[in-house]
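# Reading the structure
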Amino acid sequence: AAPHVKARCQEYPGSKVKRLLVPDDKVGWSRRWPEYRPVGYTAPSVLNKPVWADPDIGSFSPKFNTLDGAVDRTSFEGCYKVENGMPLNPCGRTGLTGRGLLGRWGPNHAADPIVTRWKEDSKKGKVLHPVSKRPILQFVSIKRKDCGQWAIPGGMVDPGEQVSLTLQREFSEEALNSLAVSAAERAKIHERIKKLFNSTGFQVFKGYVDDPRNTDNAWMETVAVNFHDESGNSVSELPLQAGDDAGQVQWVDVDSSLSLYASHSSFLELVAKERKAHW
Ligand code: RP5
Ligand code: MG
Ligand code: MG
């Protein structure tokens, strides 16, 4: 995996905790660094024992690198090391031990639905970018409430949940506000997105995410899938409304200058290349 950058951000998200600065050449665990003394931090929201979080290690020994009951503790990056009972981040040092804001020791599995359409002019023609001369893709983007950054409307895979369901559920919750409506309305939303999400999505990425919440012992991994509406008919009709951990939602032009949460911009680059779109 490529060296992480956001996972070494100085101030840990949602706190005043400062990570120990890890220079580029000391990220990999194979590089000896005997004086390495990272800061320890696990957020109060995690220590409060919510259902989505593991207990603290000591009272609890998770089964690493395997399916642990319904919790998937395997990594897409291969077998990760466990040192003194603590799983080690496969991308190396982050300057912080513990779990920070993440619930699971080791990998925390998420799914990222990348819903796209072509940008159209008033005559329904594809809009070409003036410089690259390639058609411009648009994707459904949400503004995260936790950090104010624009992102793909992704979320955590629940224990035992199929990733295909997580993709639909998170998109519905964050971009269609399905949690705020009645069960009947929710069923309607589900009917509408089912068609698009059942069309074979293109798997864009599977692996480690350079997320600012990562620590030496807990990190994000994701499966990012692109659902593309070639004619634009089914997705353009969707009533976008931000919900759950999203503060805003909108169609955003896909472009290399986008500054997005975690490694989301690299996922969009892969989508643009695959669709021969402007980047
Ligand atoms: C990122 O965090 C993933 O790529 C995914 O978009 C997201 C999941 O976390 P929450 O949105 O549930 O906070 O690393
Ligand atoms: Mg969510
Ligand atoms: Mg989310």
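First things first, this report covers the structure right here in the doc. (Residues numbered from 1 in each chain as written. Chains lettered and ligands numbered in written order. Predicted model: local features only at pLDDT ≥ 70, side-chain atom pairs only at ≥ 80, totals over all residues. Heavy atoms only, no water.)

## Overview of the site of ligand 1
- Every one of the 13 residues lining ligand 1 counts as a neighbour, but Asp112, Arg144, Asp211, Arg213 and His264 are closest to it.
- Protein contacts shield 94% of the accessible area of ligand 1, which totals 370 Å² for the unbound molecule.
- Listed by contribution, the elements that provide at least two residues to the shell around ligand 1 are β7 (106–118) and β10 (155–156). (Near = heavy atom within 4 Å. Areas by Shrake-Rupley, 256 points an atom, 1.4 Å probe, with all protein chains shown as cover. Helix = DSSP H or I, 4+ residues; strand = E, 2+ residues; numbered from the N terminus.)

## Some words on the pairing of strand β8 (residues 137–144)
- The element β8 is extensively covered by neighbouring structure, given that 7 of its 8 residues are classed as buried.
- Examined bridge by bridge, β7 and β8 share 3 bridges and lie antiparallel to one another. Looking at β8, one finds that Trp118 is bridged to Leu137.
- Where β8 lies against strand β13 (residues 246–253), 7 bridges are found, and the strand directions are antiparallel. Looking at β13, one finds that Gln138 is bridged to Asp253.
- One ladder, built from 2 bridges, connects β8 with strand β9 (residues 150–151); its direction is antiparallel. Within the sheet, the bridge partner assigned to Lys143 lies in β9 and is Trp150.
- Remark: 5 residues form the turn of the hairpin made by β8 and β9, two consecutive strands paired antiparallel; Gly148 in that turn has positive phi of roughly 75 degrees. (Buried < 20%, exposed > 50% of the residue type's maximum accessible area, 1.4 Å probe, protein only. Pairing = 2+ DSSP bridges.)

## Considering the coordination of the magnesium ion (ligand 2)
- The protein atoms donating to the magnesium ion (ligand 2) are Glu170 (OE) and Glu174 (OE), with metal-donor distances spanning 2.1 to 2.3 Å.
- A distance of 3.4 Å spans the gap from the magnesium ion (ligand 2) to the magnesium ion (ligand 3), which Glu174 bridges by coordinating each metal. Placement of the pair is Glu170 and Glu174 together in helix α2 (residues 163–175), with a separation of 4 residues, close to one helical turn.
- Classification of Glu170 by relative accessible area gives buried; the value is 6%.
- Residue classification places Glu174 among the buried residues on the basis of a relative accessible area of 1%. (Donors = N, O, S within 2.8 Å, 3.2 Å for Na, K, Ca; no water.)

## Focus on the side chain of His109
- Looking at where His109 falls in the secondary structure, it is placed in strand β7.
- Filtering out sequence-adjacent residues up to four positions away, His109 remains in contact with Asp72, Thr74, Phe76, Met156, Val157 and Glu221. (Contact = heavy atoms within 4.5 Å.)

## Some thoughts on the pattern of salt bridges
- A complete count under the given rule lists 20 salt bridges for this structure.
- Between Glu120 and Lys124 there is a salt bridge whose closest N-O contact spans 3.4 Å.
- Ionic pairing is found between Lys126 and Glu230, a salt bridge with its closest N-O pair at 3.7 Å. Within this pair, whereas Lys126 is found in the loop between β7 and β8, its partner Glu230 is found in the loop between β12 (218–228) and α4 (233–236), the two being separated by 104 residues in sequence.
- With a relative accessible area of 42%, Lys126 lands in the partly exposed category.
- Taken together, the shared-partner salt bridges in this structure form one network comprising Asp54, Lys63, Asp68, Arg73 and Arg104. (Salt bridge = Lys/Arg side-chain N within 4 Å of Asp/Glu carboxyl O.)

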